[in-house]
Amino acid sequence: MEIPFAESYKIKMVEPIYRSAREQRQQWIKDARYNLFNLRSEQVYIDLLTDSGTGAMSHNQWAALMTGDESYAGSSSYYNLKNAIQELLGFEHFLPTHQGRAAENVLFSVWVKKGNVVPGNSHFDTTKGHIEFRDASAIDCTIDEAFDTGSQHPFKGNLDLLKLEEVYKNHHREEIPMVIVTLTCNTSGGQPVSMHNLREVHKMSNKYGIPVVFDSARFAENAWFIKEREPGYADKSIRQIVTEMFSYADVMTMSSKKDGIVNIGGFIAMRDKELFKQSSVFNIMYEGFNTYGGMAGRDMNALAVGLHEVTTEHYLETRIRQVEFLGNKLLTWGIPIQNPIGGHAVFIDAKHFLEYVPKEEFVAQTLAIELYLEAGVRGVEVGTLLADRDPHTKENRYPKLEMLRLAIPRRTYTNNHMEVVAVALKNIYDRRDSIRHGYKIVSEAPIMRHFSVELGPVIA
Ligand code: F0G
């Protein structure tokens, strides 16, 4: 018999989690105003809200944490991280920040001006938020296949080069501070961008004089998919692929809470010394002095180790296989999900799952609440609530995809937990036709409303 696959680690420390009764969950979700962000973690059995900052560090990361250098200036931890970024990602200059959105804030403070346009592949919500906050616009140039969940396109994170060139031709160079390529593309389902696409985006942007920025939160997962799916890369190592990927970027922003496998942290890295100097001014104001920028020395040490671990084949194989394990179970039962299965999460196509719930009643949020009630599993809506209102018309924006995202924390849950999630969804799928109504908004914030929105059932 063939020896089966198993995780590339064993477990040294555990944290208990508890199951609850449906009646308890009914009360808790009502008290939370039907917003899963308002639940206390003890009220959740399996937490797939996010893969951000929720991973388990390795023994080597914990060991590095203990030797963190907390000097205000010039700490050895800063230099450990600087060396890791230089060696693995190839950038000479970097600034630590407290997380990914802080990196965006610092970079955009230098580059984004009122009236600018910033093309990209389905910008993440904080990225878009930071752009719109400056009265600029994010233009989505993702390929159309990304919005067809049934399409098996292997690189649904790709930018459509025709759409991108359209933006470049229709605006003056001064109006376009950068193009942002998100690796993997979270919003379209953890979908990768091919090396070919990265190379072409870089070539075209160079021609027009536009800098290329990679939002690199899940860069290693992107590299894994290039190795698996793109001709010519099967025999290259993940590190070689990562090196080539970043050779097509001028700047990178990073949320280290994902593919840094740490609980907090981020950074900006760049080649241009002048940009480094300009960004330093904002980094010092918003984050901290250049050699810690919002991070403790111990966290920079753990991140330096995390970057080495995340770029290994054995880590990535375990990671991607677990996400696939959950996705394949759902596919077997005919449950509609974004295809192919993404890198960090399984995205349920809520519009096709709950066909009778009207779009005005927040379909993916309705499914998220059902899943919580069914088994205490917390996912997150990536749909109309997240899309916010149009800043000008104040109307709800109905995105092409209405998704329930089940994001899997790194090295945290076992496949038994994934079984629980899958069966819970199957139970809901079996009674899907009885779910006809969703939720209405009771109160909401003017921007990033999904974090704090209060909802009530349409039919009480
Ligand atoms: N870019 C991408 C692609 C992200 O997914 C995130 C965060 C950020 C930037 C911002 O980073 O949280 O460190 O400030 N995504 C989390 C998520 C929150 O759940 O997907 P941050």
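In case you missed it, the structure is sitting above this.
Presented here is a report on the structure given in the accompanying data block. Just so you know, these numbers come straight off a predicted model, no measurement behind them. (Residues numbered from 1 in each chain as written. Predicted model: local features only at pLDDT ≥ 70, side-chain atom pairs only at ≥ 80, totals over all residues. Heavy atoms only, no water.)

## Here we look at the overall build of the protein chain
Let me state the cut-off plainly: Where helices and strands are cited, they refer to DSSP runs of H or I of at least four residues and of E of at least two residues respectively, numbered from the N terminus. Burial classification: accessible surface area is computed with a 1.4 Å probe over protein chains only, and a residue below 20% of its type maximum counts as buried, one above 50% as exposed, and the rest as partly exposed. We call two residues contacting when some pair of their heavy atoms lies within 4.5 Å. Surface accessibility follows the Shrake-Rupley procedure with a 1.4 Å probe radius. Residue values consider only the protein chains on display as shielding.
In terms of regular secondary structure, the protein chain is built from 15 helices and 14 strands. In the protein chain, buried positions account for 57% of the 460 residues. Taking all contacts inside the protein chain whose residues are at least 6 apart in sequence as the whole, residues at least 24 apart take part in 73%. Accessible area for the protein chain stands at about 19500 Å²; split by element, carbon and sulfur atoms hold 52% of it.

## A look at helix α5 (residues 125-133)
The complete set of buried residues in α5 reads D125, T126, T127, G129, H130 and I131. As for α5, its buried residues are in contact with α4 (100-111), β3 (117-120), β4 (137-140), β5 (179-182) and β6 (212-215). One or two positions beyond α5, positive phi appears at D135, with a value near 60°.

## Things to note about the state of the cysteines
Formally: Here, the term disulfide refers to a pair of cysteine sulfur atoms separated by no more than 2.5 Å.
This model, assessed by the stated rule, comprises 0 disulfides. Free cysteine: C185, not disulfide-bonded; nearest cysteine sulfur from C141 at 12 Å.

## Considering the packing of aromatic side chains
The geometry of an aromatic ring pair comes down to the distance between the two centres and the angle between the two planes. For the record, the criterion: Geometry of aromatic contacts follows a simple scheme: Phe, Tyr and Trp rings, the Trp one being its six-membered ring, pair when their centres are within 6.5 Å, and the pair is stacked under 30 degrees between planes, edge-to-face over 60, tilted otherwise. Definition used: whenever NZ (Lys) or CZ (Arg) falls within 6 Å of the ring centre and also within 35 degrees of the ring normal, the charge is taken to sit over that ring.
Within the structure shown, the criterion is met by 13 aromatic pairs. Plain terms: the ring middles of Y34 and Y439 are 5.1 Å apart, the flat faces sit at 40° to each other, and that makes the pair tilted. Separated by 405 residues along the polypeptide, Y34 in the loop between α1 (22-31) and β1 (46-47) and Y439 in strand β13 (residues 439-443) bring together distant segments of the chain. We note that Y34, like Y439, is buried. Above the face of the F91 ring, R271 is positioned so that its terminal group lies 4.3 Å from the ring centre. Positioned over the ring face of Y356 is R436, at 3.7 Å from the centre of the ring.

## Overview of the site of the ligand
We apply this condition: Any residue with a heavy atom lying within 4 Å of a molecule or strand is counted as near it. For the purposes of these results, a polar contact is taken to be a pair of N or O atoms within 3.5 Å, where, inside protein, one atom must be able to donate a hydrogen and its partner to accept one; residues adjacent in sequence count only when each atom of the pair is a side-chain atom. Think of it as three bins: nonpolar holds Ala, Val, Leu, Ile, Met, Phe, Trp, Tyr, Cys and Pro, charged holds Asp, Glu, Lys and Arg, and polar takes everything else, Gly as well.
Of all residues adjacent to the ligand, which total 16 residues, the nearest are T50, R101, D215, S255 and K258. In this structure, Q99 approaches the ligand through a side-chain N or O atom, which is 2.9 Å from an oxygen atom. Residue R405 places a side-chain N or O atom 2.7 Å away from an oxygen atom belonging to the ligand. Bound to the protein, the ligand loses 93% of the 470 Å² it would expose on its own. The leading source of residues in the shell around the ligand is α4, at 3 residues. Of the residues that constitute the shell around the ligand, the class distribution is 1 nonpolar, 8 polar and 7 charged.

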